[in-house]
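Structural overview for review
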Amino acid sequence: MYGVEAAGHGLNTSEHSASINAGKVGVLHGNKTYLLQDEHGQVRDAYSIAAGLDYPGVGPEHAYFHATKKIKYVTITDKEAIEAFSFLSRQEGIIPALESAHALAYSMKIAPKMAKNKVIVVCLSGRGDKDAQTIAEKGAI
């Protein structure tokens, strides 16, 4: 299984919310988890085009799944998520939420490398019409 984090403008910038891939263990709201932190251990701002992914930490389940290697966590940039959002909307008439578009983008990356008899399941949660204005402002539709 894969979990997909929002890489925003890239992990090499401060504008992402990839707490597992680019964070450290810390405590936020009484929860020990992976957090985006500055050099002093203070929680720093997160960024994602997807409002639901714009948070500097992850819940305890994701921290556990990562620590036990039950799930591999990967990242997708805003640009890749927008491309997946546009692709699914145009090809299938399904408007995914930007949060789900991150997972869709990663599945589109790995699908060509998989055997033809393999199956990918992507959870499309939420409605993408809430993100239409954000996408339009980026010039993607």
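Everything below is about the structure shown above.
Residues numbered from 1 in each chain as written. Predicted model: local features only at pLDDT ≥ 70, side-chain atom pairs only at ≥ 80, totals over all residues. Heavy atoms only, no water.

Time to look at the layout of surface pockets. Quantified by volume, the largest pocket comes out at close to 940 Å³. Every residue lining the largest pocket is counted, 32 residues in all, and those nearest its centre are Y2, G3, V4, H62 and A103. Of all the secondary-structure elements, those providing two or more residues to the lining of the largest pocket are β1 (2-8), α1 (19-22) and α4 (98-110). Ranked by residues supplied to the lining of the largest pocket, first place goes to α4 with six residues. Class assignment of the residues belonging to the lining of the largest pocket gives a composition of 19 nonpolar, 10 polar and three charged. (1 Å grid on protein atoms, 1.4 Å probe; cavity = no way out; pocket = protein on both sides within 12 Å on 5 of 7 lines; lining within 4 Å. Points joined across faces, edges and corners; volume = space filled by probe spheres on them. Helix = DSSP H or I, 4+ residues; strand = E, 2+ residues; numbered from the N terminus. Nonpolar A, V, L, I, M, F, W, Y, C, P; charged D, E, K, R; others polar.)

A word on the pattern of salt bridges. Applying the stated criterion across every chain, the model contains five salt bridges. A salt bridge links K130 to E99; the nearest nitrogen and oxygen atoms lie 3.0 Å apart. Here E99 lies in helix α4 and K130 lies in the loop between α4 and α5 (132-137), a separation of 31 residues in the sequence. One continuous salt-bridge network, built from bridges that share partners, spans E99, K130 and D131. (Salt bridge = Lys/Arg side-chain N within 4 Å of Asp/Glu carboxyl O.)

Non-glycine residue H29 carries a positive phi angle of around 55 degrees. Assignment of secondary structure puts H29 in the loop between β2 (24-28) and β3 (31-35). The class of H29 is exposed, set by a relative accessible area of 66%. Backbone geometry at K69 places phi at a positive 60 degrees, although glycine is not the residue there. (Buried < 20%, exposed > 50% of the residue type's maximum accessible area, 1.4 Å probe, protein only.)

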